[in-house]
Amino acid sequence: MSSISSLDVPSTETLLGLQKVMADARNPRRPVVGSWLMLPGASLARMVAQMGYDFVLVDCEHGNLADADMHASVGAIAAQGVSPVVRIPAPENWIVKRTLDTGAHGILCPMMSTSEEARKLVSYAKFPIPKSQSTPATTSGIRGVGSPFAPAVFGQRMDDYIASANRNTFIAVQIETVEGLENCEEIARVDGIDMLFVGPNDLCSSMGYPALEHASIPEVQDAVQRILSAAKAAGKYAGMFCTSAEQVEARYKQGFDFMNLGADVVALAMWNAAELEKLKNIRIQV
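In the nomenclature of an unreviewed UniProt entry, the chain is known as Pyruvate/Phosphoenolpyruvate kinase-like domain-containing protein of Lentinula lateritia. Taken verbatim from the UniProt record of the chain, the Sequence similarities (unreviewed entry) comment is "Belongs to the HpcH/HpaI aldolase family."

S.K.: Give a description of the sheet that holds strand β6 (residues 195-198) that names residues and reports values.
M.R.: Pairing between sheet strands relies on hydrogen bonds along the backbone, with the strands arranged either parallel or antiparallel. Around the barrel, 8 strands lie side by side as β1-β2-β3-β4-β5-β6-β7-β8; this closed barrel has parallel pairing. Put simply, the sheet's adjacent strands are angled 25° from each other on average, direction ignored. For strand β5 (residues 170-175) and β6, the ladder comprises 4 bridges, and the chain directions are parallel. From the neighbouring strand, V173 faces β6, where its bridge partner is L196. Strands in contact with helix α2 (residues 17-24) are β1 (32-37), β2 (55-59), β3 (83-87), β5, β7 (237-240) and β8 (258-260); relative to β3, the strand with the most contacts, it is inclined by about 105°.

S.K.: Outline unusual backbone geometry, listing residues and values.
M.R.: Cis geometry marks the peptide bond from N27 to P28, where omega comes out at -5°. On the secondary structure map, P28 appears in the loop between α2 and β1. The backbone of M111 sits at a positive phi, close to 50°, despite the residue not being glycine. Here M111 shows up in the loop between β4 (106-109) and α6 (115-125).

S.K.: Can you explain a nonpolar patch on the surface? Please cite residues and give values.
M.R.: A surface patch of nonpolar side chains, amounting to about 300 Å² of accessible area, comprises L276, L279 and I282. Its location among the elements puts I282 in helix α15 (residues 280-283).

Conventions adopted
Residues numbered from 1 in each chain as written. Predicted model: local features only at pLDDT ≥ 70, side-chain atom pairs only at ≥ 80, totals over all residues. Heavy atoms only, no water. UniProt positions renumbered as here; feature names shortened; annotations may be inferred. Pairing = 2+ DSSP bridges. Helix = DSSP H or I, 4+ residues; strand = E, 2+ residues; numbered from the N terminus. Axes fitted to C-alpha atoms, helices over the stretch in contact; angles between N-to-C directions. Contact = heavy atoms within 4.5 Å. Patch = residues over 30% accessible without salt bridge, like charges linked within 9 Å, V, L, I, M, F, W, Y side chains within 5 Å. Areas by Shrake-Rupley, 256 points an atom, 1.4 Å probe, with all protein chains shown as cover. Salt bridge = Lys/Arg side-chain N within 4 Å of Asp/Glu carboxyl O.

Structure (structure tokens):
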């Protein structure tokens, strides 16, 4: 069962944020492409969001971003009409709440290894549904109510945000361990999980290979295909970490829906390396 249908949403007209972006990209099919921020700063986030991406991911797992930086970046991205997504550092209740309270359109949770962990994550991200509104097709949770920032980011009143957040909050999980790979089909079937996202470096490392060599290792690529197939069989989206346009195109053709095009630190490193290489001959000291 797909997460979109499980929330009983009749059409994309009722969706907001990244849920609408993803649903719109199904017909006609197109890749949903974003950027990845590891550095703090609302100005940087705003500038990247103006470049034409569908989403900008704020990396609070490996990035140099504290809580206040996350708030500033999410607001700056959303103000440009782009979907802010936050990679949380761990599937902890308070972290999920703090993240969604910024107004993030979605979360990406690393190191998801079991369906039980996935169900807990969903419960942290969903508001409790009043008994009078509960149906077998709705997904209820334990998310706390109180943030004034999230409704403001979505351009809603508090009551409208609370009523619509459960269907509009996008929940993605990274499959990047051997245990997660073995359980990926069960994880994909968890109601409320919208996307399986492949973390190729950690997946490769978990399988016993050098992390950065994943693209050339057939066993790892078979694992990537298994995760993609698990997501599609469950009616969910599939995402993949990419560092170049060529990778995005290849993964899109393979069947992936959601890809990033490098990151801020990747862009800085590649541009500087390429330009410095052009000056090598005149910088050599004789």
